[in-house]
Each structure stands twice: as structure tokens, then as C-alpha cells.
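The primary structure of each chain is shown beneath.
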Amino acid sequence: MLLWINNSLTPQEIQERLMSKDSEFQKEIIGYFESMHQGEFIDTTLEEVKCYLNAVEKDPEYAPPTMVLPDPAPDCKCLECQGDGECHIVHSWWEKFRTRVNDILACTNIHQCKNVWLEKCKARFPREYRTETAVDQEGHIFFRHMEPNLNTITSALTYMLGCNTDVSNLQSGTSIKAVLMYITDYITKILSSYIVYFK
Ligand SMILES: [Zn+2]
Ligand SMILES: [Zn+2]
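This text gives an overview of the structure that appears in the document. (Residues numbered from 1 in each chain as written. Chains lettered and ligands numbered in written order. Predicted model: local features only at pLDDT ≥ 70, side-chain atom pairs only at ≥ 80, totals over all residues. Heavy atoms only, no water.)

1. Remarks on the pattern of salt bridges
Next, step 1: According to the stated counting rule, one finds seven salt bridges in the structure shown.
Next, step 2: Measuring nitrogen to oxygen at the nearest pair gives 3.3 Å for the salt bridge that ties R17 to D22.
Next, step 3: The class of R17 is partly exposed, set by a relative accessible area of 36%.
Next, step 4: Its relative accessible area of 25% is what places D22 among the partly exposed residues.
Next, step 5: The network of salt bridges with shared partners includes E34, E40 and R144. (Salt bridge = Lys/Arg side-chain N within 4 Å of Asp/Glu carboxyl O. Buried < 20%, exposed > 50% of the residue type's maximum accessible area, 1.4 Å probe, protein only.)

2. Overview of the packing of aromatic side chains
Next, step 1: Across all of its chains, the model carries seven aromatic pairs by this definition.
Next, step 2: Taking the centre distance of 5.7 Å and the plane angle of 85 degrees together, the rings of F33 and F143 count as edge-to-face. You can see F33 sitting in helix 2 (residues 23-36) and its partner F143 sitting in the loop between strand 2 (141-142) and helix 6 (155-161), a full 110 residues away along the chain.
Next, step 3: Ring centres of W93 and Y159 lie 5.6 Å apart, and the angle between their planes is 75 degrees; this geometry places the pair in the edge-to-face category. Remark: Y159 occurs in helix 6 and W93 occurs in helix 5 (residues 88-109); sequence separation between them is 66 residues.
Next, step 4: Classification of W93 by relative accessible area gives buried; the value is 11%.
Next, step 5: Three or more aromatic residues link up through ring pairs in this structure, and these residues are W93, W94, F97 and Y159.
Next, step 6: Stacked on the ring of Y159, the Lys or Arg R100 has its end atom at 5.4 Å from the ring centre. (Phe/Tyr/Trp six-rings, centres within 6.5 Å; stacked < 30°, edge-to-face > 60°. Helix = DSSP H or I, 4+ residues; strand = E, 2+ residues; numbered from the N terminus. Lys NZ or Arg CZ within 6 Å of the ring centre and 35° of its normal.)

Everything listed is a geometric property; what it means functionally is a separate question.
Structure (C-alpha cells):
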């Protein structure tokens with residue numbers, strides 16, 4: 001799935017504004033990108049999620065999140081929801097959201113390298129560990145990424161789909177070309193294996 005946001009700035013325009021030291025723009029755009037995709041669990045770590053899963057999986061009633069449909073967000077009309085208060089129904093739904101996303105990520109999105117004999121992992125793992133998003137002098141953005149063996153994901157998409165997903169922010173010509181190559185390679189996989197076979 002490719003989302004093209006109409007009337008949005010081009011990667012070139014974003015890079016130019018980042019280089020012009022427009023600090024307000026930089027803060028806003030980084031906040032937007034970070035809300036869209038992430039390279040870590042929500043408020044927890046892989047070790048904590050594994051510990052939690054080891055405990056709950058002992059329960060015979062336990063159903064893995066990949067086998068269960070997600071609960072829709074509550075359409076609560078209580079007094080708290082109409083004002084600024086914190087409603088326990090909405091609060092507990094967000095708790096479930098976080099748990100489901102973290103469990104799915106731990107079960108389906110952690111990279112286990114099958115190319116151990118190669119010097120470098122073909123899928124570029126482990127990813128560079130960063131606690132904060134940074135912008136260099138040429139306007140390149142290096143996103144926060146705190147789980148080296150996790151790719152980048154959008155939590156709402158993980159929650160909905162309940163399976164392995166990969167979300168890339170196409171903010172440079174290089175990343176757009178890399179994704180085009182990857183997708184073309186993927187969708188012609190059967191064809192290319194025939195080509196190799198008949199050579
Ligand atoms: Zn409510
Ligand atoms: Zn690998």
C-alpha cells in the first residue's frame with residue numbers, strides 16, 4: 001500500500017526547509033513523522049514483552065493476538081469524554097491497544113537473520129540505535145530507533161492488521177528508488193526464479 005499525500009511538500013522542499021534552520025518547521029515535521037512511524041515498542045522493551053508473553057501463554061485460554069480481531073475504539077459519550085476528564089473505558093481501550101501492538105511486534109516483527117553466513121544482513125539489521133531523531137547539515141533526517149532488530153511500523157496499522165508490517169517514510173529520492181526496487185523484485189519473484197531456471 002502506498003499513500004501519496006496530496007498537496008504535501010516534496011522531499012526536496014522538506015530538505016530545503018530543514019536546511020534553512022526553520023526550527024519551528026523542524027519541530028513540527030519531526031513530531032508528525034514520529035507520530036506516523038516508530039522503530040520501538042510502545043512504552044516498553046522486547047525483554048519486558050517476552051516476559052509478559054511467556055507468562056500469559058501458559059494460560060490454556062490464551063489466544064495469540066495474531067489470531068484475534070482487534071476491538072474497535074469505544075464511542076463513549078460519558079461526561080468525562082465530553083469534557084477534558086479521563087474516562088476509564090477509553091483509558092482501558094488504549095491499554096489494550098498498547099498490549100496488542102507490543103505483542104504482535106514481538107511475535108511477528110523481530111528480525112531473525114537467515115543470512116548469518118553473509119558479512120552483512122540483506123535486510124539491514126541490526127538497525128542503528130538512536131534515542132532521538134536528528135537532522136544533519138544536509139537536511140537528512142535520522143529517525144529515533146530504539147529496537148535494533150525491529151523495522152519501522154505504524155502502531156494503528158499493526159493494531160488493525162495483526163501481522164508483520166513494514167512502514168517506510170519515503171522522504172528521499174534514494175529511499176523511493178530503494179522501495180520501488182524492493183517491491184518490483186518482490187512482485188516478480190516467481191517470474192525472476194523462472195528466468196533464472198530457464199537461463
Ligand atoms: Zn467515556
Ligand atoms: Zn538478516
